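Structural description and commentary
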Amino acid sequence: MNLKVKSLKKKYGGFELDIAVLEIKPGDIFGLVGNNGAGKTTFLRLCLDLIRADDGKVLSNGEDVAETEDWKGYTGAYLDEGFLVDFLTPEEYFNLVASLHDMSDEEIENALNRFRNLFNGSVLGQDKYIRDMSTGNKGKIGLASALLFYPDIILLDEPFANLDPTSRKVLSNLLIEINYNRNKTMVISSHDIANVADLCTRIAILEDGKIVRDIGASDKTYEQLQEYFEVKKDYR
């Protein structure tokens, strides 16, 4: 499954996201990095038809996401806590997500077993509603729900935010394993350039609504990203 962008534009006041052409190929782990306000979340919301473009389109496996809902069956996403149903327990929420994809009880159990290291004993079996859990654990629940049914396309916004260092590494390894074993297409927006450099096979830098660099992963990727985002200091 792939994602393609054609002449995509979205304006907010004085800001405009403007991406003339972009193709995220099957099996890519595509990283999107940029400072606050660069347009990363806007891009992901357009990909999920949560907002409508002023011009252009996003094609998921060749179909315009604004014109069909077929892509929802093979797309998993977590952008923020608004994706959660916070008056449910984690177990109830996972069962709800699973029911939308016709997963059996055995499939749900096997899927949740994949996240045991990420949950680290603090998510399941806590007898708590999601709303009463920590920000980090809410994020883990959202991430697990996005990955639960092995979607062909996965969209994640700042997945490493609010995670402790161990959980960040566990998540990174989990995403790499899913991509390697099942060739899933991933789009990951993040400020964490170290994790993006380690994880992604391709990285685009978004600045003021435009992609200013699109680079393949190499042993120089982190160094390139560091250099680009380095703050130049004037000591005069």
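Within every chain, residues take consecutive numbers counted from 1 along the sequence as written. Per-residue local features of the predicted model are confined to residues with pLDDT of at least 70, and side-chain atom pairs are confined, for both listing and counting, to 80 or more; whole-chain, interface and lining totals are unaffected and use all residues. No hydrogens and no water enter the side-chain calculation; it runs on all heavy atoms of the structure.

1. Let's talk about the overall build of the chain
Here is the rule we go by: Put simply, DSSP marks the helices as runs of H or I at least four residues long and the strands as runs of E at least two long, and each gets a number from the N terminus on. All radius of gyration figures rest on C-alpha atoms, and the globule criterion is 2.2 Å times the number of residues raised to 0.38. Each residue is assigned to one of three classes by its accessible area relative to the maximum for its type, calculated with a 1.4 Å probe on protein chains only: buried under 20%, partly exposed between the two thresholds, exposed over 50%. In what follows, a contact means two residues having at least one pair of non-hydrogen atoms within 4.5 Å. Each accessible area is a Shrake-Rupley result for a 1.4 Å probe, and residues are judged covered by the shown protein chains and nothing else.
Regarding its fold elements, the chain presents eight helices and 10 strands. The globule rule puts the C-alpha radius of gyration for 236 residues at 18 Å, and the 18 Å found for the chain is close to it. Taking all 236 residues of the chain together, the buried fraction comes to 48%. Residue pairs at least 24 apart in sequence account for 68% of intrachain contacts in the chain once pairs closer than 6 positions are excluded. Surface summary for the chain: the accessible area is close to 12100 Å², and the carbon and sulfur share equals 44%.

2. Section: unusual backbone geometry
In this model, Asp 127 sits at a positive phi of 55°, which is unusual for a non-glycine residue. The residue Asp 208 is not glycine, and still its phi comes out positive at about 50°. By secondary structure assignment, the location of Asp 208 is in the loop between strand 9 (202-207) and strand 10 (210-216). On the basis of relative accessible area, Asp 208 is assigned to the exposed category, the value being 56%.

3. A look at the sheet that holds strand 7 (residues 153-157)
We apply this condition: Pairing between two strands is assigned when DSSP locates at least 2 bridges connecting them. Under this scheme, a helix contributes an axis fitted over its contacting stretch, all axes are lines through C-alpha atoms, and angles between N-to-C directions fall in the 0 to 180 degree range.
Across the sheet, which stays open at both edges, the six strands sit in the order 6-7-8-3-9-10 with mixed pairing between neighbours. With partners counted over all chains shown, the strands left at the sheet margins are strand 6 (75-78) and strand 10, one partner each. Each strand axis lies, on average, 15° off the axis of its neighbour in the sheet, ignoring direction. Two strands pair when backbone bridges link them, and strand 7 and strand 8 (residues 185-189) are joined in this way by five bridges, in the parallel orientation.

4. What about the packing of aromatic side chains?
Aromatic rings in a pair are described by how distant their centres are and how their planes are angled relative to each other. Rules: In this scheme Phe, Tyr and Trp rings, the latter by its six-membered ring, pair at centre separations within 6.5 Å, and the angle between planes marks the pair as stacked below 30 degrees, edge-to-face above 60, and tilted otherwise. In this analysis the charged atom, NZ for Lys or CZ for Arg, is taken to sit over a ring once it is within 6 Å of the ring centre and within 35 degrees of the ring normal.
Inspection of every chain in the model, using the stated rule, returns five aromatic pairs. Ring geometry for Tyr 228 against Phe 229: centres 5.1 Å apart, planes inclined by 80°, an arrangement best described as edge-to-face. Cluster of aromatic residues (ring-pair linked, three or more members): Tyr 93, Phe 94, Phe 115 and Phe 119. The lysine or arginine in question, Arg 131, covers the ring of Tyr 129, its NZ or CZ lying 4.8 Å from the ring centre. Over the aromatic face of Tyr 150 sits the side chain of Arg 182, whose NZ or CZ is 3.3 Å from the ring centroid.

5. Topic: the side chain of Asn 195
The topology assignment puts Asn 195 in helix 7 (residues 193-199). Sequence-distant contacts of Asn 195, that is, excluding residues within four places in its chain, are made with Phe 160, Arg 168 and Ser 172.

6. Observations regarding the nonpolar core
Quick reminder of the rule: What we call a nonpolar core is a set of buried Ala, Val, Leu, Ile, Met, Phe, Trp, Tyr and Cys residues that are connected through their side-chain atoms within 4.5 Å.
Phe 94, Leu 112, Phe 115, Phe 119, Ile 141, Leu 148 and Leu 175 are the most contacted members of the largest nonpolar core, which totals 46 residues. If you tally residues by element for this core, the top one is helix 5 (residues 135-147), at five residues. Residues within four places of Leu 112 in sequence aside, it is in contact with Phe 94, Phe 119, Leu 124 and Leu 148. Counting residues in hydrophobic clusters, the runner-up holds 28 residues, among them Phe 15, Leu 22, Ile 153 and Leu 206.

7. Looking at the packing of helix 5 against helix 6 (residues 165-182)
Stated formally: Put simply, angles under 35 degrees are roughly parallel, angles over 145 are roughly antiparallel, angles from 65 to 115 are roughly perpendicular, and the rest are oblique. Note on residue classes: Ala, Val, Leu, Ile, Met, Phe, Trp, Tyr, Cys and Pro are nonpolar, Asp, Glu, Lys and Arg are charged, and everything else, Gly too, is polar.
Direction vectors running N to C along helix 5 and helix 6 enclose 5°, while the axes themselves pass 13 Å from each other. Relative to helix 6, helix 5 is oriented roughly parallel. Seen from helix 5, the contacting residues are Lys 140, Leu 143 and Leu 147; seen from helix 6, they are Ser 167, Leu 171, Leu 174, Leu 175 and Ile 178. A per-class count over the contact of helix 5 with helix 6 returns six nonpolar, one polar and one charged.

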